[in-house]
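If you want the building blocks of each chain, they are given just below.
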Amino acid sequence: MLTEKSLLPEFPSPEHSSHTEKKHTSEKKKFVGMMFLGAFVFGGVSGAVFGMIMSLWLPQTRLYGEYVKPVTQQQADTPASLAAEETSAISVVLAATKSVVAIGGGTGFLISEDGLILTNKHVVSDDKEDYKVLLHDGREFDAHVLGRDPLNDLAVLKIDAQGLPFLALGDSDTLQVGQTVIAIGNSLGTFDNTVTKGIVSGIRGRVETGDIFGPTETIESAIQTDAAINAGNSGGPLLNLKGEVVGINTAVSTAGQSIGFATPVNQAKIIVESLLVHGKLIRPYLGVRYILVDDALASLNGMTITYGALVVRGELASELAVAPQSPAALAGIEENDIILEVNG
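Description of the structure in this document. Counting restarts for each chain, with residues numbered from 1 along the sequence as it is written. Per-residue local features of the predicted model are confined to residues with pLDDT of at least 70, and side-chain atom pairs are confined, for both listing and counting, to 80 or more; whole-chain, interface and lining totals are unaffected and use all residues. To get the side-chain values, take all heavy atoms of the structure and skip hydrogens and water.

Concerning the overall build of the protein chain
Every helix listed is a DSSP run of H or I at least four residues long, and every strand listed is a run of E at least two residues long, numbered separately from the N terminus. Within the protein chain, the secondary structure is distributed over seven helices and 20 strands. Burial here depends on accessible area, computed with a 1.4 Å probe over protein chains only, as a share of the maximum for the residue type. Under 20% is buried, over 50% is exposed, and the range in between is partly exposed. Burial statistics for the protein chain: of 344 residues in total, 35% are counted as buried. Considering only contacts in the protein chain between residues 6 or more positions apart, those separated by 24 or more positions represent 56%. Note on areas: these come from Shrake-Rupley sampling with a 1.4 Å probe, and a residue is covered only by the protein chains present in the view. Accessible surface computed for the protein chain: about 21700 Å², of which carbon and sulfur atoms make up 59%. Only heavy atoms matter for contacts: two residues are in contact if any of them lie within 4.5 Å across the pair.

Put into structure tokens, the structure is as follows:
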């Protein structure tokens, strides 16, 4: 038997509806959570497998034709990862500065444990001046000038001391353009042991230049470098990354930027040996003043010969083409001769 009440739709009570909704919501959350957890686990496992595969493949990846191996951030941040060149340069500077000395407003460096010092001639050019040498440890000594070489702007000094640190002399003939070099000196006569680093920019022939100490100087077979050589650096060492002296800082060009010049150390070796063995500077010479003949000079003067050395006088009356009583004069060489060959 149907009644009016039984024909009405039955709706759940508010309490029952709320409970049911919470139950469904909880089940949905659990389901979504399980999905995220599964995706996370799957992603981690697949990522690890992918990483292992890439680690095996990536070190052999070619980049512009070269094999490359990735560097980790930890490796990049550790001091041990400093470039070998930087580490070598720091070691050279730490050792070399102990042998660099101050001479007046210039620089020099020790080349023997008993006090032999190399510098530029123009640093100690005054014959009447008494020079003092200031060592790295603060000690000061009177210096005796053993000899000056005006041709190569070099000088050798001696102080009375023993057991001093000194620099080894390298071989400047083996220098290559692009090779790293380090210059040390007392910049401006104030900033002691100033260090600059650069490369060998060129190996030149004869270079005439100068600085604040005096007139223009001539450097034979000059080493050109972009390592800054400031006033006061004159006479300091130019070093390779082995810590060997390959040149003596001499001058800088004021007409350009980063153009400095050093005298090759092999020329200094000859002078030092001569002074130690003979007590004076002895070198073979011809006794002529000359300019090299090239196409331009030959064309300008109507010459048929385009090589050799043209014997000419200088700009001053005292600058003779052939020195009196010199080997050239005794051999019959005269002004305007062209020397084509030399026998022995």
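Having seen the model, we can carry on.
Here's the deal with the layout of surface pockets
We place a 1 Å grid over just the protein atoms. Points where a 1.4 Å probe fits but has no way out form a cavity, open points with protein on both sides within 12 Å along at least 5 of 7 lines form a pocket, and any residue with an atom within 4 Å of a point lines it. Grid points are joined across faces, edges and corners, and a volume is the space filled by probe spheres set on the points. Volume-wise, the largest pocket comes out at about 1200 Å³. Counting only elements with at least two residues in the lining of the largest pocket, the list comes to strand S13 (217-219), helix H5 (265-278) and strand S18 (290-292). The dominant element in the lining of the largest pocket, judged by the number of residues it contributes, is S18, at three residues. Here the term charged refers only to Asp, Glu, Lys and Arg, the term nonpolar to Ala, Val, Leu, Ile, Met, Phe, Trp, Tyr, Cys and Pro, and the term polar to all other amino acids, Gly among them. For the lining of the largest pocket, the class distribution of residues is 14 nonpolar, six polar and nine charged. Taken as a whole, the second largest pocket holds about 200 Å³ of empty space. In terms of lining residues, the second largest pocket is bounded by 17 residues, among which Ala102, Leu134, Leu135, Asn186 and Asp192 are the most central. When residues of the lining of the second largest pocket are traced back to their parent elements, those giving at least two are strand S3 (100-103) and strand S11 (191-203). Across the lining of the second largest pocket, the residue classes break down as six nonpolar, nine polar and two charged.

Looking at the pattern of salt bridges
For this analysis, a salt bridge means a side-chain nitrogen from Lys or Arg found within 4 Å of a carboxyl oxygen belonging to Asp or Glu. As enumerated under the stated definition, the model contains five salt bridges in all. Salt-bridge contacts for Arg139 lead to Asp137; the nearest nitrogen and oxygen are separated by 2.9 Å. The salt bridge partner of Glu335 is Arg313, with a shortest N-O separation of 3.3 Å. With Glu335 in the loop between helix H7 (327-330) and strand S20 (338-339) and Arg313 in the loop between strand S19 (309-311) and H7, the pair connects residues that are 22 residues apart, well separated along the chain. The class for Glu335 is partly exposed, based on a relative accessible area of 33%. Residue class for Arg313 comes out partly exposed when judged on its relative accessible area of 41%.

A word on helix H4 (residues 84-96)
In a regular helix each residue adds 1.5 Å, so 13 residues correspond to 18 Å; H4 covers 18 Å between its end C-alpha atoms and thus fits that length. Within H4, the full set of buried residues consists of Ala89, Val92, Val93 and Ala96. All buried residues of H4 project into a common sector of 95° when viewed along the axis, lining one side. Those residues of H4 that are exposed and aimed more than 90 degrees away from the buried face are Ala84 and Leu94. In this scheme, a helix's expected span is set at 1.5 Å multiplied by one less than its residue total. Arc definition: directions from the helix axis to the C-beta atoms.

Some words on the environment of Gly308
Its place among the elements puts Gly308 in the loop between helix H6 (295-300) and S19. Among the residues examined, Gly308 registers a relative accessible area of 19% and is labelled buried. Note: C-alpha distance between Gly308 and Leu292 (16 residues apart in sequence) is 6.0 Å.

These figures capture arrangement, not role.
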